[in-house]
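# Structure assessment
Here is what each chain is made of, one letter per residue.
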Amino acid sequence: TAAGNIFAGNVRSLSAGANPGGNITVQSQSGSVVLNRSQINAQNTGTGFAGDIQIQAQNQIFLVNGSEINSTSRNTLTSDFSSICIRLQTSDLRL
């Protein structure tokens, strides 16, 4: 969480076995979130919960130069999926 703009790098949450992964939150209270050649990923390689991803900004959210926000699960029959939530106070999302 930051008051101004956030320029995020690579962020990853990984769960293995039945252990839960951590949640990822990127929040700019009065600025923008910029992902430039970055990846935010919650991954599950077992039966545990991968973790939720939340991106929140007051102004804008930019995903540029191949940036990605994703959640993956290796075992789709027994694992819990995470959610990806993008919240904007304005309506300027640029992909």
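Notes on the structure in this doc start here. Along each chain, the written sequence defines residue order, and numbers are assigned to residues from 1. Local features are withheld for residues below a pLDDT of 70 in this predicted model, meaning they are given only at 70 or higher, and side-chain atom pairs are given and counted only at 80 or more; totals for whole chains, interfaces and linings count all residues. To get the side-chain values, take all heavy atoms of the structure and skip hydrogens and water.

On to the sheet that holds strand E5 (residues 39-44), then. Strands pair, by our definition, only if DSSP identifies at least two bridges between them. Numbering of helices and strands starts at the N terminus; helices are DSSP runs of H or I of at least 4 residues and strands are runs of E of at least 2. Strand order in the open sheet made by the 3 strands is E2-E5-E8, with parallel pairing throughout. Each end of this open sheet is capped by a strand with a single partner; those strands are strand E2 (11-15) and strand E8 (68-73). On average, adjacent strands in this sheet sit at an angle of 5° to one another, irrespective of strand direction. One ladder, built from 5 bridges, connects E2 with E5; its direction is parallel. Residue pairing for E5: Leu14 is matched across the bridge by Gln43. Simply put, an axis is a line fit to the C-alpha atoms, just over the touching stretch for a helix, and the angle between two N-to-C directions goes from 0 to 180 degrees.

The parallel open sheet is built from 3 strands, whose spatial order is E3-E6-E9. Lying at the two open borders of the sheet, with one neighbouring strand each, are strand E3 (24-28) and strand E9 (84-88). The average undirected angle you get between the axes of adjacent strands in this sheet is 5°. Of the pairings in the sheet, the one linking E3 to strand E6 (residues 53-57) comprises 5 bridges and is parallel in character. Bridge pairing in E6 links Val26 to Ile55.

Residue placement: Gln29 occurs in the loop between E3 and strand E4 (33-36). In sequence terms Gln29 and Gln56 are 27 residues apart; their C-alpha atoms lie 7.9 Å from each other.

Before going further, it helps to examine the side chain of Ser13. By secondary structure assignment, the location of Ser13 is in strand E2. Only protein chains enter the accessibility calculation, which uses a 1.4 Å probe; a residue is then buried when its area is under 20% of its type maximum, exposed when over 50%, and partly exposed in between. Residue classification places Ser13 among the buried residues on the basis of a relative accessible area of 8%. For this analysis, a polar contact is any N or O atom pair within 3.5 Å, provided that within protein one partner can donate a hydrogen and the other can accept it, and provided that sequence-adjacent residues contribute only side-chain to side-chain pairs. From its side chain, Ser13 meets the backbone oxygen of Gly22 in a polar contact 2.7 Å long. A contact between two residues is defined here by any heavy atoms of the two lying within 4.5 Å. Setting aside anything within four residues of it in sequence, one finds Ser13 in contact with Gly21, Gly22, Ile24, Asn41, Ala42, Gln43 and Ala50.

Within the fold, Ile69 resides in strand E8. Placed 30 residues apart in sequence, Ile69 and Gln39 show a C-alpha to C-alpha distance of 5.9 Å. Those residues in contact with Ile69 that sit more than four places away from it in its chain are Leu35, Ile40, Ile53, Ile55, Leu63, Ile84 and Ile86.

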